[in-house]
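# Commentary on secondary and tertiary structure
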Amino acid sequence: MTETGPAAKAVALVDLGLRACEAYDRPDAAVRLTAARTALADPVLHVVVAGEFKQGKSSLVNALVGATVCTVDDDVATAVPTYVRHGEEPLATVLCEPPSAEPAPPRREVIPMAEVRRYVLEGGNAEPPAGGARVTGVEVRIPRKILAGGLVLVDTPGVGGLASPHAAASLAAVSMADAVLFVTGAAQELTRSEVEFLQRARALCPVVAVVVTKTDFYPAWRRISELNERHLAEHCPVPLMPVSSALRTRAIKAGDTGLNAESGFTHLVKFLTDQIGGSAADRLAGDAAAEVVALCDQLDGHFEAERAALADPEAARRVVGELTEVKSRVEALKSAAAKWNQSLTDGITDLTSDVDHDLRARVRTVIAEADTAIEESDPADTWPEMEPWLQSRMADELLANYELLRRRASELSVRVGDHFHESATTLQTRSSIHDPAGLAEVADFQHKIDLKRMRMGKQAMVALKNAYGGALMFIILGSLVGVSLGPIGIGIGLVMGHRGLREEKKRHVQRRRAEARNAIRRYCDEVTFVAGKDSRDTLRRVQRQLRDHYSALAEELNRSNAQALAGATEAAKRSQLDREQRLKDVDAELARVRQLRQRAQAVAG
């Protein structure tokens, strides 16, 4: 960001607001302004780079930053995300998730830059973290200008189809990102699963773009780009940019601006700067300016009340009465019986019930689909495909359940804010939703199912047993009636043996199906138990955030009104000379406050 950009103007504005808080004794408002100042000083803009396996995502990130930070391999795919951000010196850190039921910040372990490959790639033979922790990502910091504004590039594992756990994990990362770059190769046009992934990503993230890579390798890349543009125009209207990471790398090494333009990266960098960096800077600047406007509104109300009492001593009693009435309304805002508080409590209760019901309904659907598949096949044949299918379906349903939670929680936040604003004019904040990436990574399928078929020896024993029993039964029966069956008895025995073997195989298949159904239900129960706990915890955090936020705002209004009431009461007791002198001071203070408001409104646009 430049010194004259929106972020720099917002920083200067917030500094003025903090000085006003100090001058007018408003430490409560200074807390929110300080938080806005911190966000402006260290903006973080997450750009998720997603796509199918082996489409050039890691090469794209390397070409963007002009350094080999993401591991590229022709045979082995990326296993965990790589976060590339700015740092004064190159530094690599492994992010580890401790084995705890409660959400906690990831543990960081510094590793040599040369060891990044072992942690990022599948089968990298990296040493496991201490304490049974799980590696969730690798963070790489490098000194690059493109990252200096807070840009964080996230190189994710391949999607592997819309119904895969990788796709669910990528969509979970997308929901927490500021922008998404979906990478597809120039070898073929967008597939149906890729378009569906883009549609869901666009619903979760405001900024999405498609990047067509490897244009230097495929001569028909222009034709592929045209086909992709048609698909996007019909199903998911997002920008499309063809690039060549190889040409970009050569251009950086040679300092060739013409080759860099030919690589297509100039358009991509401009998109990142304008659409992502610019929008984030505007959003942060707008939030900071809104905080200053809220402060000005409270200070303006304070001085206007005092000025009215000073200008017209006869009206002072009326002003004091009005402020006293406002005080009672503000006190009501702080109570548990306030409308916004009741809406929050009832809304969280209803939302918890709806999310839980939605999750259980989705799990029942998955179980029904699994039961149908099991009844139509033998688990001994289909179980190797059943396990990954079940994990993928559950991951997809969990993410859909999270989308419901996210949407309804945002709606609840707006509704609570509206009810609060019915009694007070102030700001509304966005509640932060828990990162669902852990939910998307569903647990491994641990089953105890005997899927072994009967061995040939056992089948022979079953057939002989039934054949011997059948033949012996008919021979004895024939001897009792005086008829010698001879070879016919043996034939009957063979038929009985074949029938007995078929019935035994059928019983084994039914047993395997029953065990498979029980294993699927145990797995789904475990996933439902974990996901239900996580969603309830998330909603409790949302409730606390909204409750604390609006309680703090009510306290700010109470303090502002108390100052106005004290000023009006004191103004009513002043002499004529004191009133005239104080009136000049109040007019000067009002002019300063309104000048600050005008500056904040200019920054907010």
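A brief look at the structure comes next. The shown structure was predicted, so the numbers you read here are calculated from the model rather than taken from an experiment.

Rules of the game
- Here, residues in each chain are numbered from 1, in the same order as that chain's written sequence.
- Selection of residues for local features in this predicted model requires a pLDDT of at least 70, selection of side-chain atom pairs for listing and counting requires 80 or more, and totals for whole chains, interfaces and linings are taken over all residues.
- Excluded from the side-chain calculation are hydrogens and water; included are all heavy atoms of the structure.
- Comment: elements are numbered from the N terminus, with helices defined as DSSP H or I runs of at least four residues and strands as E runs of at least two.
- Burial status follows relative accessibility: with a 1.4 Å probe on protein chains alone, a residue under 20% of its type maximum counts as buried, one over 50% as exposed, and anything between as partly exposed.
- Between two residues, a contact is recorded if the distance between any of their heavy atoms is within 4.5 Å.
- Methods summary: accessible areas were calculated by the Shrake-Rupley approach with a probe of 1.4 Å, and residue burial reflects only the protein chains presented.
- The set of buried Ala, Val, Leu, Ile, Met, Phe, Trp, Tyr and Cys residues whose side-chain atoms join them within 4.5 Å is what this entry labels a nonpolar core.
- Helix axes use the C-alpha atoms of the stretch in contact, all axes being lines fitted to C-alpha atoms, and the angles between their N-to-C directions lie in the range 0 to 180 degrees.
- Each angle gets one of four labels, with under 35 degrees taken as roughly parallel, over 145 as roughly antiparallel, 65 to 115 as roughly perpendicular, and the rest as oblique.
- In a left-handed crossing the near helix is turned counterclockwise from the far helix by less than a right angle, and in a right-handed crossing that turn is clockwise.
- Put simply, Ala, Val, Leu, Ile, Met, Phe, Trp, Tyr, Cys and Pro go in the nonpolar bin, Asp, Glu, Lys and Arg in the charged bin, and everything else, Gly too, in the polar bin.
- One less than the residue count of a helix, multiplied by 1.5 Å, gives the span that helix is expected to have.
- Bend, at a single residue, is the angle you get between axes fitted to the 7 residues ending at that residue and the 7 residues starting at it.
- Aromatic contacts are taken between Phe, Tyr and Trp rings whose centres are within 6.5 Å, Trp giving its six-membered ring; a plane angle under 30 degrees counts as stacked, one over 60 as edge-to-face, and the others as tilted.
- A side-chain nitrogen of Lys or Arg and a carboxyl oxygen of Asp or Glu constitute a salt bridge if their distance falls within 4 Å.
- Two strands are said to pair when DSSP picks up at least two bridges between them.

### Structural notes on the overall build of the chain
Looking only at helices and strands, the chain has 17 helices and nine strands in total. A total of 605 residues make up the chain; the buried ones form 47% of that total. Restricting to contacts in the chain with at least 6 residues of sequence separation, those with at least 24 account for 81%. With the model as given, the accessible surface of the chain reaches about 30,600 Å², and the carbon-plus-sulfur share is 54%.

### Digging into the nonpolar core
Counting 39 residues, the largest nonpolar core has V69, V84 and L153 as the members making the most contacts within it. V84 has contacts with V61, V65, V69, C70, V140, I142, L147, L151, V152 and L153, leaving out every residue within four places of it along the chain. Counting 30 residues, the second largest nonpolar core, distinct from the first, contains V11, L284, L590 and A600.

### A short note on the packing of helix α12 (residues 339-375) against helix α13 (residues 379-421)
In a pair of packed helices, the angle between the axes and the distance between the axes together describe the arrangement. The geometry of α12 relative to α13 is characterised by a closest axis approach of 9 Å and an angle of 165 degrees between their N-to-C directions. On the basis of the axis angle, α12 is roughly antiparallel to α13. At the point where α12 passes α13, the crossing takes the right-handed sense. Looking at the contact of α12 with α13, its residues break down into 24 nonpolar, five polar and nine charged.

### Overview of α13
With 43 residues, α13 ought to run about 63 Å at 1.5 Å a step, and its terminal C-alpha atoms sit 59 Å apart, in line with that. Maximal helix bending in α13 amounts to about 40 degrees, located at E385; proline P388 follows within four positions.

### Quick word on the packing of aromatic side chains
The final tally for this structure, using the stated rule, is three aromatic pairs. For the ring pair W340 and Y550, a centre distance of 5.7 Å and an interplane angle of 50 degrees mean the geometry is tilted. Of this pair, W340 sits in helix α12 while Y550 sits in helix α16 (residues 487-573); the two residues are 210 residues apart in sequence, bridging distant segments of the chain. Overall, the relative accessible area of 1% leaves W340 in the buried class. Taking relative accessible area as the criterion, Y550 reaches 0% and is therefore assigned buried.

### Things to note about the packing of helix α3 (residues 57-65) against helix α8 (residues 245-254)
Remark: α3 packs on α8, axes separated minimally by 9 Å, with the N-to-C direction vectors making an angle of 25 degrees. As far as their axial angle goes, α8 and α3 are roughly parallel. As for the relative orientation of α3 and α8, their crossing is left-handed in sense. Across from S59, L60, A63 and L64 in α3, the residues of α8 making contact are S245, R248, T249 and I252.

### Quick word on the pattern of salt bridges
Tallying each qualifying case throughout the model produces 25 salt bridges. The shortest N-O distance in the salt bridge between R141 and E139 comes to 3.2 Å. A relative accessible area of 5% places E139 in the buried class. Its salt-bridge partner being R223, residue E226 comes within 3.8 Å of it at the nearest N-O pair.

### Some remarks on the sheet that holds strand β8 (residues 208-213)
One open sheet accounts for nine strands, arranged β4-β3-β5-β2-β6-β1-β7-β8-β9; its pairing is mixed. With partners counted over all chains shown, the strands left at the sheet margins are β4 (107-111) and β9 (240-242), one partner each. Sheet twist, expressed as the mean angle between neighbouring strand axes with direction ignored, is 25 degrees. Of the strand pairs in this sheet, strand β1 (residues 45-51) and strand β6 (residues 151-155) are connected by five bridges, and their pairing is parallel. Along β6, the bridge assignment pairs V49 with D155. Contacting β7 (179-185), β8 and β9, helix α7 (residues 221-235) crosses the sheet at an angle of about 170 degrees to β9.

### Concerning the pairing of strand β2 (residues 82-86)
The side chains of a regular strand alternate, first on one face of the sheet and then on the other. Relative to strand β5 (residues 134-142), β2 runs parallel, the two being bridged by five bridges. Directly across from H86, in β5, lies its bridge partner I142. As judged from the three bridges shared by β2 and β6, these two strands associate in the antiparallel manner. Paired with Y83 across the bridge in β6 is V154.

### Describing the pairing of β5
In this sheet, β5 lies alongside strand β3 (residues 91-97) in antiparallel orientation, the contact comprising seven bridges. Looking at β5, one finds that T93 is bridged to E139.

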